[in-house]
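The residues making up each chain are set out below.
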Amino acid sequence: MTDENEVMTNTSADSRKGQGGDPGAEPPASSWLGQGEAAKHRRADALFRWLATGSGIAVVSAVSLIGVFLLVQAWPSLQANNANFLFSSEFDTRDAENLRFGIRDLLVVTVMSSAFALVIAMPLALGIALFLTQYAPPAVRRPFGYIIDTLAAVPSIVYGLWGIFVLGPFLVPVALWMNRNLGWIPIFATGNVSIKGGGTIFTAGIVLAVMILPIITSVTREVFRQTPVKHIEGALALGATRWEMIRTTVLPFGRSGYIAGSMLGLGRALGETVAVLVVLRIASSPATFSIFDGGYTFASLIASAAHEFVHPLPTGAYIAAGLVLFILTFVVNAIARTIANGKMQRL
Amino acid sequence: MAKRIDVKDVNIYYGKFRAVDDVTLHVPPKQVTAFIGPSGCGKSTMLRTLNRMHEVVPGARVEGQVLLDGENIYASSVDPVQVRRTVGMVFQSPNPFPTMSIRDNVVAGLKLAGTRNKKQLDEIAEQALRGANLWNEVKDRLSKPGGGLSGGQQQRLCIARAIAVQPDVLLMDEPCSALDPISTLAIEDLISELKKDYTIVIVTHNMQQAARVSDETGFFNVPGVGEPGRLVEFNDTEKIFSNPDEQATEDYISGRFG
């Protein structure tokens, strides 16, 4: 205790008075704490606190302002809407005097294509992440990881072109086979566009799956890599095979990260615009909840009409659609956060 | 149960680096054998070759023979997974599986080995926890996570987990180095009890601990940085601590190490 006091004493000049002769006595706080020093620390602390708080507030207000902007711009159009906004399949804004728009089909196509993308990408990403962290020899790990990451760098328009000109035609036989043999299940039934054209949710979903694969993989890979060695060794020392070790340590440890990564990917798929716009064929009838439907997602519809945003009322209809997408991604994020926080740990 | 271990001409490598040089020693059954020595002398590495945990590190390999009751665990026909089921291990820092309950932690090894009968698992869990002197402290919260226990309790949980599969040998890699003196004492008492049933090999930095718990002691030393560790002397613990054959052992024991 005495030693500590002496060390502290040396750090501040004004503290030497009054206590040097009596090492056993408890020094008065003000003398050795150094009030001048403390005040300086407090100022730096306060400054940093305000900087941090300010950054936080800036982000929150930016998000809220976007929400407010969307709501304010969409409101007049929603008032002037002559169709049911939530349940109508129409989206007709040509006549500003008679707006008829609803988001039913947009919601269906957006959710179905993203969900389908997730169904494909999640197991694939899990497999790749496990391979890269647990099975691949070190020499393969890096180059393979780079290749996956490179997928994220490909522009989405390139994915769109690849989807409609290469992947779509290539998958037509598969799609036809599924439609023929599994058509009795509603989601594989014949949809509202030609399967042979390839411009279906089926194709778009696979394109989206490839696009969100890197983000899910890299998040998952990072959490898997951080599995504590002592747990891995604990499992191996108990006589676990490699797969059993993964099941008892790596997967439980990385589960919330994997799900959070998947939700990030889902967020990306929901908002993806150009690739989906290029791939999906325009549908002339309402969506049928089949993966062989065509049509528009929220984002692709808004992008397709961007050059017509002249009059505020028709424009507001698209902004209203954007508002719904905004809310949708918000909900997805909230779910991801809940899961990442471990509220669903016991799966 | 309780097999003997014979280590014959073993060299242990990390990639090209030879960590342990030409060790031959004999671990008797139902006794406690301690490995002591300064940091980096290869004692932990030596321990980890006894259940083939050494090779978990990329590039690590072992030359020579380790015989478990006469059977070479490094023979090409031997599955390391099987070796680890026979030779249990307790690590330096307690490592219960964080997502599992206390009970599930104890029976984790059995589940891996294929035991599914719930009643049987419950019985074995109780036996193992009693064996690890932990039963009375946790019997009312078996379904709570193992991570909620104190460090000493976690380490005893890990010992329970290791003995639940009824191994022939129990390896302990500095099992008390993360624990307070009272928990250490509890573990040491437990080791003395466990040696009735198991062959125990313990690595320790603490010479008093080696003197207290072990019957045989091996002193490892490393001549210099970058050189492999060597087994300097292997003898009865009493002899090592009273009248060792080697001067280096004497110096280390008496603190004149350098």
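The shown structure was predicted, so the numbers you read here are calculated from the model rather than taken from an experiment.

Each value, and the rule that gives it
- Residues numbered from 1 in each chain as written.
- Chains lettered and ligands numbered in written order.
- Predicted model: local features only at pLDDT ≥ 70, side-chain atom pairs only at ≥ 80, totals over all residues.
- Heavy atoms only, no water.
- Axes fitted to C-alpha atoms, helices over the stretch in contact; angles between N-to-C directions.
- Helix = DSSP H or I, 4+ residues; strand = E, 2+ residues; numbered from the N terminus.
- Parallel < 35°, antiparallel > 145°, perpendicular 65-115°, else oblique.
- Left-handed = near helix turned anticlockwise from the far one by under 90°.
- Contact = heavy atoms within 4.5 Å.
- Nonpolar A, V, L, I, M, F, W, Y, C, P; charged D, E, K, R; others polar.
- Buried area = accessible area lost by both parts, 1.4 Å probe.
- Salt bridge = Lys/Arg side-chain N within 4 Å of Asp/Glu carboxyl O.
- Polar contact = N/O pair within 3.5 Å; in protein donor to acceptor, adjacent residues only side chain to side chain.
- Patch = residues over 30% accessible without salt bridge, like charges linked within 9 Å, V, L, I, M, F, W, Y side chains within 5 Å.
- Areas by Shrake-Rupley, 256 points an atom, 1.4 Å probe, with all protein chains shown as cover.
- Disulfide = S-S within 2.5 Å.
- UniProt positions renumbered as here; feature names shortened; annotations may be inferred.
- Pairing = 2+ DSSP bridges.
- Phe/Tyr/Trp six-rings, centres within 6.5 Å; stacked < 30°, edge-to-face > 60°.
- Buried < 20%, exposed > 50% of the residue type's maximum accessible area, 1.4 Å probe, protein only.
- Domains from an automatic or database assignment.

1. With respect to the packing of helix α5 (residues 138-153) of chain A against helix α7 (residues 201-225) of chain A
When two helices pack together, you describe them by how their axes are tilted relative to each other and by the distance separating the axes.
All names here are of chain A.
Then comes step 1: Orientation of α5 relative to α7, taken along the N-to-C sense of each, is 130°, at an axis distance of 7 Å. When the axes of α5 and α7 are compared, the pair comes out oblique. You can see that α5 and α7 cross each other, and the crossing is left-handed. Residues G145, I148, D149, L151 and A152 of α5 form the contact with α7, whose own contacting residues are V210, L213, P214, T217, S218 and R221.
Then comes step 2: Its residues assigned to classes, the contact of α5 with α7 shows 6 nonpolar, 3 polar and 2 charged.

2. Looking at the interface of chain B and chain A
Then comes step 1: Across the boundary between the two partners, chain B contributes 22 residues, which contact 16 residues of chain A.
Then comes step 2: Approximately 1,700 Å² of surface area, both sides summed, lies buried where chain B meets chain A, with 66% of it carried by carbon and sulfur atoms.
Then comes step 3: Where chain B packs against chain A, one counts 2 salt bridges.
Then comes step 4: For R85 of chain B, the salt bridge is made with E244 of chain A, and the minimal N-O distance between the two is 3.5 Å.
Then comes step 5: At the surface where chain B touches chain A, the tally comes to 5 residue pairs in polar contact (both at pLDDT 80 or more).
Then comes step 6: Those elements giving two or more residues to the side of chain B that touches chain A turn out to be α2 (80-86), β6 (87-90) and α3 (102-113) of chain B.
Then comes step 7: Residues of the side of chain B that touches chain A, tallied by class, amount to 13 nonpolar, 5 polar and 4 charged.

3. Quick notes on a nonpolar patch on the surface
Residues and elements named next belong to chain A.
Then comes step 1: Taken together, the side chains of I157, V158, L161, W162, F165, V166 and V274 make up a nonpolar region of the molecular surface, amounting to roughly 600 Å² of accessible area.
Then comes step 2: Looking at which element gives the most residues to the nonpolar patch, the answer is helix α6 (residues 156-182), with 6 residues.
Then comes step 3: Summarising the element assignment, W162 is placed in helix α6.

4. Looking at the state of the cysteines
Disulfide: a covalent bond formed between the sulfur atoms of two cysteine residues.
Then comes step 1: Scanning the entire structure with this criterion turns up 0 disulfides over all chains.
Then comes step 2: Of the cysteine sulfurs around C176 of chain B, a residue in no disulfide, the closest is that of C158 of chain B, at 12 Å.

5. Some words on the UniProt feature "domain: ABC transporter" (unreviewed entry) in chain B
Then comes step 1: Feature annotation in UniProt assigns "domain: ABC transporter" (unreviewed entry) to the following positions: residues 5-247 of chain B.
Then comes step 2: With 35% helix and 26% strand, residues 5-247 of chain B has its two end C-alpha atoms placed 27 Å apart.

6. Side note on the sheet that holds strand β3 (residues 32-36) of chain B
All names here are of chain B.
Then comes step 1: With mixed pairing, the 6 strands of this open sheet are ordered in space as β6-β7-β8-β3-β9-β10. The open sheet has two free edges, formed respectively by β6 and β10 (230-236), since each of these has just one partner strand. Between one strand axis and the next, the sheet turns through 15° on average, direction left out of account.
Then comes step 2: For β3 and strand β9 (residues 216-221), the ladder comprises 4 bridges, and the chain directions are parallel. Bridged to F35 within β9 is G218.
Then comes step 3: The sheet contacts of helix α6 (residues 151-164) involve β6 and β7 (169-173), and relative to β6 the element is tilted by about 175°.

7. What about the packing of aromatic side chains?
Residue and element names in this part refer to chain A.
Then comes step 1: Counted by the stated rule, this structure contains 10 aromatic pairs over all chains.
Then comes step 2: Plain terms: the ring middles of F326 and F330 are 5.5 Å apart, the flat faces sit at 50° to each other, and that makes the pair tilted. Here F326 pairs with F330, and both are found in helix α12 (residues 312-340), just 4 residues apart, close to one helical turn.
Then comes step 3: The class for F330 is partly exposed, based on a relative accessible area of 47%.

8. A short note on α3 of chain B
Then comes step 1: Within α3 of chain B, 9 of the 12 residues are buried, which leaves the element mostly enclosed by the surrounding structure.
Then comes step 2: Turning to α3 of chain B, its buried residues number three or more, namely I102, R103, N105, V106, V107, A108, G109, L110 and L112 of chain B.
Then comes step 3: Those residues of α3 of chain B that are buried lie in contact with α8 (229-237) and α9 (242-271) of chain A together with α2, α4 (118-131), α5 (135-138) and α6 of chain B.

9. Some words on the domain arrangement of chain A
All names here are of chain A.
Then comes step 1: Split by domain assignment, chain A resolves into domain 1 (2-80) and domain 2 (91-340).
Then comes step 2: Tallying the contact residues gives 12 residues for domain 1 and 12 residues for domain 2.
Then comes step 3: Of the roughly 890 Å² buried between domain 1 and domain 2, counting both surfaces, carbon and sulfur atoms make up 83%.
Then comes step 4: The largest share of the area that domain 1 buries against domain 2 comes from L70, S77 and A80, three residues that together contribute 49% of it.
Then comes step 5: At the junction of domain 1 and domain 2, the tally comes to 0 salt bridges.
Then comes step 6: Looking at side-chain class alone, the side of domain 1 that touches domain 2 contains 9 nonpolar, 3 polar and no charged residues.

10. Section: the sheet that holds strand β5 (residues 71-72) of chain B
All names here are of chain B.
Then comes step 1: One open sheet accounts for 4 strands, arranged β2-β1-β4-β5; its pairing is antiparallel. In this open sheet, the two edge strands, each paired with only one partner strand, are β2 (17-27) and β5.
Then comes step 2: In this sheet, strand β4 (residues 60-68) lies alongside strand β1 (residues 5-14) in antiparallel orientation, the contact comprising 8 bridges. Residue pairing in the sheet places K8 in a bridge with Q65 of β4.

11. Focus: the pattern of salt bridges
Residue and element names in this part refer to chain B.
Then comes step 1: Evaluation of the coordinates by the stated rule reveals 23 salt bridges over all chains.
Then comes step 2: Its salt-bridge partner being E63, residue R61 comes within 3.2 Å of it at the nearest N-O pair.
Then comes step 3: In this structure E63 comes out as partly exposed when scored by relative accessible area, which is 33%.
Then comes step 4: Close ionic contact of D245 with K239 constitutes a salt bridge, the shortest N to O distance being 3.1 Å.

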